[in-house]
There are 2 protein chains.
Amino acid sequence: MTENQPKKTGKSDRTRAKILEAAKLLFAEHGYEGASIRDVAAHASIDPAMVIRYFRSKDELFARAAVVDLQLPALRVIDRNAIGETLIRRFLEVWEGPASGPGMAILLRSATSNEFAAEKLRDVFGNQVRPVIAAVADPADAGRRAGLVSSQLLGLAMCRYLLRLPPVVALSHDEIVQNVGPTLQRYAVGEDAP
Amino acid sequence: MTENQPKKTGKSDRTRAKILEAAKLLFAEHGYEGASIRDVAAHASIDPAMVIRYFRSKDELFARAAVVDLQLPALRVIDRNAIGETLIRRFLEVWEGPASGPGMAILLRSATSNEFAAEKLRDVFGNQVRPVIAAVADPADAGRRAGLVSSQLLGLAMCRYLLRLPPVVALSHDEIVQNVGPTLQRYAVGEDAP
DNA sequence: TGCATTTGTCAACGGCTGTTGGCATAAGCA
DNA sequence: TGCTTATGCCAACAGCCGTTGACAAATGCA
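Residues numbered from 1 in each chain as written. Chains lettered and ligands numbered in written order. Predicted model: local features only at pLDDT ≥ 70, side-chain atom pairs only at ≥ 80, totals over all residues. Heavy atoms only, no water.

## Details of the packing of helix H8 (residues 139–162) of chain B against helix H10 (residues 173–189) of chain B
Residues and elements named next belong to chain B.
Line of reasoning, step 1. Here H8 crosses H10 at 160°, and the two axes come no closer than 7 Å. Between H8 and H10, the crossing angle belongs to the class labelled roughly antiparallel. Remark: the crossing between H8 and H10 carries right-handed chirality. Two secondary-structure elements touch here, H8 through Arg145, Leu148, Val149, Gln152, Leu153, Leu156 and Arg160 and H10 through His173, Ile176, Val180, Thr183, Leu184, Arg186, Tyr187, Ala188 and Val189.
Line of reasoning, step 2. Here the contact of H8 with H10 is composed, by residue class, of 10 nonpolar, three polar and three charged. (Axes fitted to C-alpha atoms, helices over the stretch in contact; angles between N-to-C directions. Helix = DSSP H or I, 4+ residues; strand = E, 2+ residues; numbered from the N terminus. Parallel < 35°, antiparallel > 145°, perpendicular 65-115°, else oblique. Left-handed = near helix turned anticlockwise from the far one by under 90°. Contact = heavy atoms within 4.5 Å. Nonpolar A, V, L, I, M, F, W, Y, C, P; charged D, E, K, R; others polar.)

As structure tokens, this is what we get:
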């Protein structure tokens, strides 16, 4: 028997999920270093040792919690003039909608002081954002354009959800769409800079 | 004698400065939690206890290191069409020029997981960014506009200097000015959204 | 020269961290 | 019913953390 992990009966699956849910919550709120295994265990009403038994280490727990699937729409099939609006609406869905988990918050919260989180966030950019832009813009420019789009979106997320800058928190969805949408439109498919 | 701190002879001033310089470097690189007092002491070639003697605690050391003075120009006196360009050029100066210290990097690196740093960053917004915008836009809108400007600038800083997203690192100053300048121009003084 | 103050080193405290191994239950199967 | 396995708690380890106090060397002033 090479497996050290618990078998997958109904019980163990439930506690495993309970631990993961608590971990996502605390990682999203306090970041990697700020959320201790003991905190996670307390929130899951369980012993700290169990956290290690179910996930082999804190790093592995973090890796399981910080899963991001942006599910960006295929921009090629939508109205070319609505690309910016589509992106910003999807952004709001990812950060405020119930379907997407707190994966992005977890990554962004920790990426400034944890190299693994930073690398994973760069992966999200390279594997999920950039390809979508490359499908509607000159592939040679896709990196630059996707980088600009990301800078605006990550900055908005920083100000609104992590830093909680009051005027940015106060923005309505419509205001965000009307102000940031055109920016993303220009970054994604606007006229080239010389 | 109510003072517990060392007197200000030439010697003590030099070590005090040495400690502060090491602290700025490490806080900017690794954030508040990631930079320990022992690390700072080692970088300053000094005993950890001295760090506490010169600055009374790690919190106070951080407060002294995370000092930010953006020195934003008075936008009222410049060409109204060049506001966006002026802002983004000043941004590059603050982050890459030799004059401004690493204060912004220190704050941004720690603001995601340290409430004191977050509060101080919000203060920079309220006391330095917002008033400058309020001088050239409808004061009732200044908060919203300054918030949008900050979202783009903090996001750019995140991607370029902290996360080091390759395509954003590769951008030349001219490319940044030409792409981000118009965004800031519109956020700062562009036509109102309905 | 003698003394008081400053500058610095060393060792240690208490607390928190991730992680481990041992031991008690509880559950499932023969 | 008995036995194996899974699930869980407890105590402890080693390591790092910020911080403290005692003591040594250096410095400056009389």
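## Remarks on the relation of the copies chain A and chain B
Line of reasoning, step 1. Least-squares fitting of chain A to chain B yields an RMSD of 0.0 Å, with the transformation described by 0.0 Å of translation along the axis and a rotation of 180°. Both chain copies can therefore be described as sitting about a two-fold axis. Judged by C-alpha distance, Gly155(A) is the residue of chain A that lies nearest the rotation axis, at 1.7 Å. (Least-squares fit on C-alpha atoms with pLDDT ≥ 70 in both.)

## What to know about the domain arrangement of chain A
Residue and element names in this part refer to chain A.
Line of reasoning, step 1. Assigned domains of chain A: these are domain 1 (10–65) and domain 2 (75–189).
Line of reasoning, step 2. Taking only C-alpha atoms into account, the centre of domain 1 sits 28 Å from that of domain 2.
Line of reasoning, step 3. If you look at the interface, domain 1 gives 11 residues, while domain 2 gives 11 residues.
Line of reasoning, step 4. Taking both partners together, domain 1 and domain 2 bury about 910 Å²; carbon and sulfur atoms supply 59% of that area.
Line of reasoning, step 5. Where domain 1 touches domain 2, the interface holds zero salt bridges.
Line of reasoning, step 6. Where domain 1 touches domain 2, the interface holds five residue pairs in polar contact (both at pLDDT 80 or more).
Line of reasoning, step 7. Residue assignment for the side of domain 1 that touches domain 2 shows that the elements contributing at least two residues are helix H1 (10–34) and helix H4 (58–65).
Line of reasoning, step 8. Of all the elements, H1 adds the most residues to the side of domain 1 that touches domain 2, at eight residues.
Line of reasoning, step 9. Per-class residue counts for the side of domain 1 that touches domain 2 are six nonpolar, two polar and three charged. (Domains from an automatic or database assignment. Buried area = accessible area lost by both parts, 1.4 Å probe. Salt bridge = Lys/Arg side-chain N within 4 Å of Asp/Glu carboxyl O. Polar contact = N/O pair within 3.5 Å; in protein donor to acceptor, adjacent residues only side chain to side chain.)

## Considerations on the interface of chain A and chain B
Line of reasoning, step 1. With 41 residues of chain A at the interface, the matching set in chain B holds 41 residues.
Line of reasoning, step 2. Taken over both partners, the interface formed by chain A and chain B buries close to 3400 Å², and the fraction arising from carbon and sulfur atoms is 66%.
Line of reasoning, step 3. In terms of surface lost to chain B, no three residues of chain A exceed Thr112(A), Leu163(A) and Asn179(A), which account for 18% of the buried area on that side.
Line of reasoning, step 4. Here chain A is connected to chain B by zero salt bridges.
Line of reasoning, step 5. Across the chain A-chain B interface, the total number found is 15 residue pairs in polar contact (both at pLDDT 80 or more).
Line of reasoning, step 6. In terms of residue count, the dominant contributor to the side of chain A that touches chain B is helix H8 (residues 139–162) of chain A (13 residues).
Line of reasoning, step 7. Tallied by class, the residues present in the side of chain A that touches chain B amount to 22 nonpolar, 12 polar and seven charged.

## Focus: the confidence of the model for chain A
Line of reasoning, step 1. When pLDDT is averaged along chain A, the result is 94; 94% of the residues meet or exceed 70.
Line of reasoning, step 2. A low-confidence stretch, residues 1–8 of chain A (pLDDT under 50), is modelled with nine contacts involving residues beyond four sequence positions or located in other chains. (pLDDT = per-residue confidence, 0-100.)

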